[in-house]
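Summary of structural features
What follows is the residue order along each chain.
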Amino acid sequence: MSNMMAQTINTLAVTDAQTVNAALLVSAILFACGLIGFLSRRNMIIMFLCTELMFQAAALAMIAFGNIHHDISGQVFVIFILTVAAAEAALALGLVVLLYRRRETLDSEAWSELRETA
Amino acid sequence: MIELASLSTAALHLPAILGEGAHAVTIPSAIASPEFAWAGLILLLPAISAALCGLCAAFGVKSKLPGAITAISLIAAFATTLSLYLKMPADAPRVVHLFDWIDFSWKTGGATWTQFLAPFSLYIDSLTLLWMLFVTGLGSLIAIYATEYMEADTGKGYARFFGSVSIFLFAMGSLVMGGNLILLYLGWEGVGLASYLLIGYYYNRPSAVAAAKKAFIMNRIGDLGLALGVFLIWINYGTLEYDGIFKALAHTADPASGASWSAAMIPYCLMLGAFGKSAQIPLFVWLPDAMEGPTPVSALIHAATMVTAGLYLIARTYPLFALEPHALTVVAIVGCSTAFVAATIGMAQYDIKRVMAYSTVSQLGYMFLGLGVGTTFGAVYHVFTHAFFKALLFLCCGAIMHGMAGQLDLRKMSGLRNVKGFGVISWTFLIGCLCLAGFPFTAGFFSKDSIIAQAFASGNPTFVTLGWLALLTAFLTAYYTFRVWFRVCGGPTKYEPGDEMHGHDDHGHDHGNGHGHGHGHDDHGHGHAAHGNHEWHPHGPRLAINGVLLVICLGAVLAAVPAYMAMRGEANWVETMVQHSSAALPSAEHGHGGEHAHHALSFTGIEDVHKATSVVASTVGILGILIAAYFHLLNRSAADKLRQALLSNSLTRWLPLAMENKWYVDEVYHVVFRFPASVLGHVFHFIDKHVIDGFVVNGGARVPLEVGRLFQPLYNGALQGYAATMAGGIALIAAWVFWIWLHGS
């Protein structure tokens, strides 16, 4: 029974190496876009969106690696990541709203008190 | 002459004779006697009293309750001791095992285990009983005296005082009654602690604090000796139980040849401990300063009981001392020199309590001389008589101080015998002085003479020389003792109050008479009589003080009874007690001297050396009293003139100066020990502050600080900066991993 299930999964899985490579490439590009965006923009909402971008890049990479290893847990993981990301998005946007109320701006430069004053 | 020569050669090896003798006198092995377990009450009662006094202090009891608790528990302890004395058979020492205390084993190579065992047990023989009788007896009397004496301090001070006294009695009990050297050590340190607490009782007076520290530190030096001695006994005999040590000694075939280097060191180590606790040269300087404590403490701890602990130690371990040929000679020489030096200092002091302190040091020296020349009976008898008359003298000094607002300067008091309320003090004081001066047929006379006579009877040239020095000291003793009495109690009535009534106005005391605390300082008090004594009258003591003075005075007189018994041909009680203990000597020393026709005192024409000594010693004693009477009663200005004459002559000027300044011993110690130690301390402080703290610790802390500074610019507060740093770091790590992957490992 379990043997049959494994076969089913194998046939369903994308086994083409090129497809996997493409997925990883997309993931890398997504991550780079997120990182560049996070580093270059100062609008907190945009920065948050960029972190989400990096997050999803990581999730995509996980699916790709799951395919390489013929392991379904990569995909299972992604389901969890999506759930956590949804909760985290609600939390982070709430924080952004709070921060905005304090300083009347979305500029992250407004929050640099932890700077060493030497 | 031939006989004399043979005598002296034989006597040269007296300690060796004692050594062989110690085998002749086998100490009977102890009998385990659980039926005497109630003897533990003697220790338990003061311990309970100490705890209750602590509770009184904690709950802020304002009444005289702590004093009552202590007095009652000490009287009960005395009653227990007395019934123990009455019930104890004299045949053999008894060991009462109370509970297991220290018991551990360790592996000493292979499968053999060594066990270290120190049960909480009591070793009770006649020496223990003798000591405990006067310790608890005087302890209870002095506690009663103190209930009145310390009344100005009712409240926390009162509880603290009596708590410390109870701790002292507990510790002294475990020192004397303990069945092994570990218990003795516990008591030894305990009495040291109690002494420290009580000397520093007036802790807001810097001199008292300094004196307390001095006493504690000087005693530490002695205690080091005791501790080393105990270790060496363990190494050599494998046990610390007295019974076990005496058994091991009895099994040693030839003490002289078989003794190892470490066994030979035992008596010298113990001796150092004894000299520290009993204030002998070189460790005597703490005792006179200890007079900063309240006077009942001086009487109990620093005159009658604690300072005799050193004597007890040597008397208890006498068989060990008898093994080593020179140990007892050293004891004799140190004792006699201390007796002489302290007597010369006592002659020139003006503070009566200080005179008494030096006389204590001096009399303790006599006792060590007695142990050294081989009359343990004389030494112990002197301990016994001295305990009474010296406690009496101190209590008289205390009562005078209490009534005269802390006045202690003998130049500022005169003719107290005629002051209302001071009659009992004056006449009991006189009896104490007669005992101390060795006036014929007083207790002190008999005990002191038995020591000096033995020095002459031994025939050993060293001991005979010491005997002469002891006679000279007896003369000085009589002089300085009666110098005090004639000055303070004799002569025209004249007095000035001490500085207490003035010094304590700001403390809000509303009754202006003496409070008993504090010292009359020599530099205070001038002119106070002129303006100070609005309504001031010396106040005589009440029932508790007078009653105790009379009882102790009776004790001092009755302490001579054993000697009278001996004169009537009966057994001297103290001698019987000593002969039944571990301090027993091979042969009774009486009669030992009587058969020598030639002795150092033959010029008196009396063949018996004891009688000759008595005659000579009473002559010098009375001579001393007469000289004191001339200089301090009949013609007081002559004393000042003599002093001035000595001072003006450049050849003799050092003499009064040295005596008044205590032979500059404190100053010498300051230069030789304290100053180098202080310099060393400053050097170490410098090293600690600048090398250890400054360089190693703070320098070490600067390393992470400076490294942090290096990276500080990265932390500029901009979120992107942190993100970039992080990303860069990850990129570096990724690059490194990639590089490794490319080149293989």
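Residues numbered from 1 in each chain as written. Chains lettered and ligands numbered in written order. Predicted model: local features only at pLDDT ≥ 70, side-chain atom pairs only at ≥ 80, totals over all residues. Heavy atoms only, no water.

With that settled, consider the overall build of chain A. In terms of helices and strands, chain A carries 4 helices and 0 strands. Secondary structure elements in chain A, listed N-terminal to C-terminal, are α-α-α-α. With 118 residues in all, chain A has 23% of them scored as buried. Counting only contacts in chain A whose residues sit at least 6 apart along the sequence, the fraction spanning at least 24 positions is 59%. Surface accessibility of chain A: about 8,200 Å² in total, with carbon and sulfur atoms responsible for 69%. (Helix = DSSP H or I, 4+ residues; strand = E, 2+ residues; numbered from the N terminus. Buried < 20%, exposed > 50% of the residue type's maximum accessible area, 1.4 Å probe, protein only. Contact = heavy atoms within 4.5 Å. Areas by Shrake-Rupley, 256 points an atom, 1.4 Å probe, with all protein chains shown as cover.)

A few words on the nonpolar core. Trp131(B), Phe429(B) and Phe482(B) are the most contacted members of the largest nonpolar core, which has 216 residues in total. Residue contributions to this core peak at 19 residues, all from helix H18 (residues 376-403) of chain B. In this structure, Phe482(B) is in contact with Leu430(B), Cys433(B), Leu434(B), Ala437(B), Arg487(B), Ile625(B) and Ala628(B), ignoring residues within four places of it in sequence. Core analysis: the second largest hydrophobic core is formed by 5 residues, Phe38(A), Met47(A), Cys50(A) and Ala723(B) among them. (Core = buried A, V, L, I, M, F, W, Y, C linked by side-chain atoms within 4.5 Å.)

This brings us to the interface of chain B and chain A. Contacts between the two partners involve 11 residues from chain B and, on the opposite side, 14 residues from chain A. Carbon and sulfur atoms supply 62% of the area buried between chain B and chain A, which totals about 900 Å² over both sides. The tally of links between chain B and chain A comes to 0 salt bridges. Taken together, the links from chain B to chain A amount to 1 residue pair in polar contact (both at pLDDT 80 or more). The residue inventory of the side of chain B that touches chain A, partitioned by class, reads 7 nonpolar, 4 polar and no charged. (Buried area = accessible area lost by both parts, 1.4 Å probe. Salt bridge = Lys/Arg side-chain N within 4 Å of Asp/Glu carboxyl O. Polar contact = N/O pair within 3.5 Å; in protein donor to acceptor, adjacent residues only side chain to side chain. Nonpolar A, V, L, I, M, F, W, Y, C, P; charged D, E, K, R; others polar.)

Interpretation of the predicted coordinates at a detailed level should be avoided for regions scoring low in pLDDT. Residue and element names in this part refer to chain B. When pLDDT is averaged across chain B, the result is 82; 88% of the residues are at 70 or more. Low pLDDT (under 50) marks residues 501-533, which in the prediction has 59 contacts with non-local residues, meaning those over four places away or in another chain. This stretch, residues 587-595, has a pLDDT under 50; its non-local contacts, to residues over four places away or in other chains, come to 14 contacts. Scored as a complex, the prediction yields pTM 0.75 and ipTM 0.76. (pLDDT = per-residue confidence, 0-100.)

All names here are of chain B. Across the sheet, which stays open at both edges, the 3 strands sit in the order E1-E2-E3 with mixed pairing between neighbours. A strand with exactly one partner marks an edge of an open sheet, and here the two such strands are strand E1 (31-32) and strand E3 (113-124). Pairing of strand E2 (residues 94-107) with E3 involves 11 bridges; the strand directions are antiparallel. Along E3, the bridge assignment pairs Lys107 with Trp113. (Pairing = 2+ DSSP bridges.)

Turning next to the environment of Leu647(B). All names here are of chain B. Inspection of the secondary structure puts Leu647 in helix H28 (residues 636-648). The class for Leu647 is buried, based on a relative accessible area of 18%. Beyond its immediate sequence surroundings of up to four residues, Leu647 is in contact with Arg653, Pro656 and Leu657.

Residue and element names in this part refer to chain B. Under the defined criterion, the tally for this structure stands at 14 salt bridges over all chains. Salt-bridge contacts for Asp409 lead to Lys412; the nearest nitrogen and oxygen are separated by 3.5 Å. Of the two residues examined, Asp409 and Lys412, each falls in the buried class. Residues joined in a network through salt bridges with shared partners are Lys214, Asp289, Arg354 and Asp666.

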